[in-house]
Each structure stands twice: as C-alpha cells, then as structure tokens.
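# Report on the structure
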Amino acid sequence: MNRTQHLAMLEAMKIDKKNLLKYQQIYKYAYLLSDGVFKIVFAEEKDHTLLISLVNAMLDLHDGDAIKSITLEMQEYPGIFSKKDCILDIIGTTNAGEKVLVEVQQKKDKFFRDRVQYYLSRVIENQVHVNEKYELPRIYFLGLLDFEMFPEEPAEYIHHVDEMCHGKKFFPKIQKVFVEIDKFFELENAGTTHDDNSEAAQWLRALKAIIKEEPAPEKILQNETFQHLINSVKLINFAEELFNAEVKNMTDLRAEHEEGLAEGRELGQAEGREQGLSEGRELGQAEGELKRAREIAAKMLAKNKPVEEIVEFTGLTESEIHAIESTP
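Only a predicted model underlies this, so the values are computations on that prediction, with no experimental measurement involved.

The subject of this paragraph is the overall build of the protein. When helices and strands are tallied, the protein shows 13 helices and 10 strands. A fraction of 61% describes how many contacts in the protein between residues 6 or more apart in sequence connect residues 24 or more apart. For the protein, the accessible area works out to roughly 17900 Å², and carbon and sulfur atoms hold 51% of it.

Given below as structure tokens:
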C-alpha cells in the first residue's frame, strides 16, 4: 500500500470503520512509511533487529563500526521557554554510546532541511552537562523520504550530507544520510540499479515489494531479516485503533479549519453590521477568517505539521506560515 492508497483507506474508515476489512481484502501490506506503522514495526520490536539492520544498511556501517544493539529513548525533547518541541520518529543510543535519529518524511516540505538542523541542534544541546567536557558522541541522522529532495542528482538515491573544509569533513562525528525511496523505485524500474547489490539496495527492494504490492525478488524472500519485515507489515496485523487515531487526527485538523472559517464569518458579519457598510462586512469577515487561519496554522506548526498540509487546511501562503513560525 502506498501513501495515496493509505489516505484513501483513512477517508473510507472515517465514513465507516468496517471499511478497514474491505481494504484488508484488497491490500496485503500496510503503508510502512506512515508514522504509526513505521513506529510499530521498527520501534516496538523487542531486540530491534529490523531497526539495526535498516540503519546499518542505509548508513553503510560495517564490521567494527556497525551498530550491534540500540536502546530507544523518549521521542520528544520538550521546548525550552518559547522554543518549539523536537519530536522525532525514532531516537536511540547504540552499544557504543552513539546517538541514532530516524525521521520519516512523507511529503515535500520547504522547511524540512531547517527542521532537520533544529532537531540535531536540540539533541546536541542535550549531550553536554554541567562540569563535563565539550565532547560529543557520534550522532547519526537517517532521513527516509517518500519524495525527491535532490533533483539535481537524478542517478543517486542515497545522499551523505557533510560540512566540508578543504575537501575534508569538518566534523565527522555528525553524519546525515537522506534516502530518496521513490527515486530508487524509479531507478530500479529503469534497470539502472540492477547491479547494485549493496545492503541499502536490498532493503529498498524489500520496501518496494511492500509499498508497491509487488512480488519480492527471490533473494529478498530467502533473507531472514526481510522475511521478518514482510510478515511484520501485513495489513491484517494492525489493530483498527491505530488507523482510527490517524482518522481522528485528520478529522480534528479539518474541524479546526471549518470552525475557524465559521468563526471568521460570524466575526466578519458582526463587524460589518457595526460599520453598517457592506465593505465593512467583507473586510471584517476576511480579517476574522485570516486571524483564525493564523491561529490554526500556529497550532499545526506547534505539532510539526508539514507546511504543505498547513497551506491546504488554512488557505494561507507558505510565506505567511513562515512569518508565523518566525514570530516569537
């Protein structure tokens, strides 16, 4: 199941929760990149073998550098004073004391790069305590993207992003890796990656079979880790409550939007009557709707909702939303 099919299922469940049964008959797998499904598959497993395998593969960690065990932590770094919270999909500490951050991004977001830097800064800030040396652990950031972030590199699907100085990494303790999942799918369909036998490519072939609902390659089916992954993400394994929560989140956002528009109209009409002019009514209504839209946008920003989603629900422009985000 892909993202579009996942959203269609949520819309159907909003009408009738029993529609989940119909989708379970149509689709074999859940949408692995949805927040709820991803966390269940990769965070709730007792020994985290799937998560460790995924991170080692995508970060290209081998032998002595490979992660052997990981302890997951609270996903949230609360905001300080008026600062925004930092909520990651997965954060953990490896057996070597290294930090691992995993973030899944489903939609293109103009400020996604800014958010990554903010998340890293909050995690870094939390590492050094009073009377300790300014010695940071190695920090890995893995971004799994269901959109194209690097169109200027059409033949590359994994991107290691480093701060460079004179051709060398300035601070190699921080490693940022972004994986363009759908780009790999396109390259694989075109035959470009058929000779790529890296662990990352094998993982992405397994994801392709799940997301595209395709037969998995024999090499994938024979791999114990991928067998475990495929069995873990079967749609029938997931409780209705998980998808009900996602439906509720969608409904709450839309209700806030509609409520805001209604309040704006009422406010506009009241102000218009006071002025006694049709022009005043229109202006008041517009100002009321704009004020409420800004309030909704502020709430959605506080919940780290993508800018594109905020634009869709509020009708504000990206520049207006950015201005709200910049306001103390």
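A few words now on the side chain of Asp109. Looking at where Asp109 falls in the secondary structure, it is placed in the loop between strand S5 (99-105) and helix H5 (112-125). Polar contacts involving the side chain of Asp109 include one to the main-chain amide nitrogen of Phe111, which spans 3.0 Å. Residue contacts for Asp109: discarding those within four places in its chain leaves Arg115, Pro306 and Val307.

Applying the stated criterion across every chain, the model contains 11 salt bridges. We note a salt bridge from Glu148 to Lys183, for which the minimum N-O separation is 3.7 Å. Here Glu148, found in the loop between strand S6 (139-145) and strand S7 (158-161), pairs with Lys183, found in helix H6 (residues 181-189); they are 35 residues apart in sequence, far enough to count as distant. Judged by relative accessible area, Glu148 falls into the partly exposed class, the value being 39%. A salt bridge links Arg205 to Glu188, with the nearest nitrogen and oxygen atoms 2.7 Å apart. Within this pair, whereas Arg205 is found in helix H7 (residues 199-211), its partner Glu188 is found in helix H6, the two being separated by 17 residues in sequence.

Overall, the coordinates contain 10 aromatic pairs when judged by the stated rule. Relative to Phe42, the ring of Phe38 has its centre 4.6 Å away and its plane inclined at 35°; by these criteria the two rings are tilted. Separated by four residues within a single helix, Phe38 and Phe42 lie in helix H3 (residues 35-43), roughly one turn from each other. Ring geometry for Phe141 against Phe178: centres 5.7 Å apart, planes inclined by 50°, an arrangement best described as tilted. Pair noted here: Phe141 is in strand S6 and Phe178 is in strand S10 (residues 174-180), with a separation of 37 residues, a long-range link.

Turning to the side chain of Ser34, a few remarks are in order. Here Ser34 is to be found in the loop between helix H2 (19-26) and H3. You can call Ser34 buried: its relative accessible area is 2%.

Before going further, it helps to examine the packing of helix H1 (residues 3-15) against H2. The contact between H1 and H2 brings their axes to 8 Å, and the two run at 150°. Put simply, H1 runs roughly antiparallel to H2. Residue-level contacts link Gln5, Ala8, Met9, Ala12 and Met13 of H1 to Asn19, Leu20 and Tyr23 of H2. Its residues assigned to classes, the contact of H1 with H2 shows six nonpolar, two polar and no charged.

When the pLDDT values of the protein are averaged, the result is 85; 85% of them are 70 or greater. Low confidence marks residues 252-261, where pLDDT is under 50. Its contacts with residues over four positions away, or in another chain, come to 18 contacts.

The subject of this paragraph is the pairing of S6. Extensive coverage of S6 is indicated by the burial of seven of its seven residues. Burial along S6 is two-sided: Ile139, Phe141, Gly143 and Leu145 and Tyr140, Leu142 and Leu144, pointing in opposite directions, are all buried. Of the strand pairs in this sheet, S5 and S6 are connected by seven bridges, and their pairing is parallel. Pairing of Leu101 across the sheet is with Phe141, part of S6. Inspection of the sheet shows S6 paired to S10 by seven bridges, in the parallel sense. Bridge assignment links Phe141 to a residue of S10, and that residue is Lys176.

For the rest of this paragraph, the subject is unusual backbone geometry. A positive phi angle, close to 60°, is found at His48, a residue other than glycine. As for its placement among the helices and strands, His48 is situated in the loop between H3 and helix H4 (49-59). The buried category is assigned to His48, whose relative accessible area is 10%. We note that Asp60 has phi near 60°; this positive angle belongs to a residue other than glycine. Structurally, the position occupied by Asp60 is in the loop between H4 and strand S1 (70-72). Owing to a relative accessible area of 51%, Asp60 belongs among the exposed residues under this scheme.

Cut-offs applied
- Residues numbered from 1 in each chain as written.
- Predicted model: local features only at pLDDT ≥ 70, side-chain atom pairs only at ≥ 80, totals over all residues.
- Heavy atoms only, no water.
- Helix = DSSP H or I, 4+ residues; strand = E, 2+ residues; numbered from the N terminus.
- Contact = heavy atoms within 4.5 Å.
- Areas by Shrake-Rupley, 256 points an atom, 1.4 Å probe, with all protein chains shown as cover.
- Polar contact = N/O pair within 3.5 Å; in protein donor to acceptor, adjacent residues only side chain to side chain.
- Salt bridge = Lys/Arg side-chain N within 4 Å of Asp/Glu carboxyl O.
- Buried < 20%, exposed > 50% of the residue type's maximum accessible area, 1.4 Å probe, protein only.
- Phe/Tyr/Trp six-rings, centres within 6.5 Å; stacked < 30°, edge-to-face > 60°.
- Axes fitted to C-alpha atoms, helices over the stretch in contact; angles between N-to-C directions.
- Parallel < 35°, antiparallel > 145°, perpendicular 65-115°, else oblique.
- Nonpolar A, V, L, I, M, F, W, Y, C, P; charged D, E, K, R; others polar.
- pLDDT = per-residue confidence, 0-100.
- Pairing = 2+ DSSP bridges.

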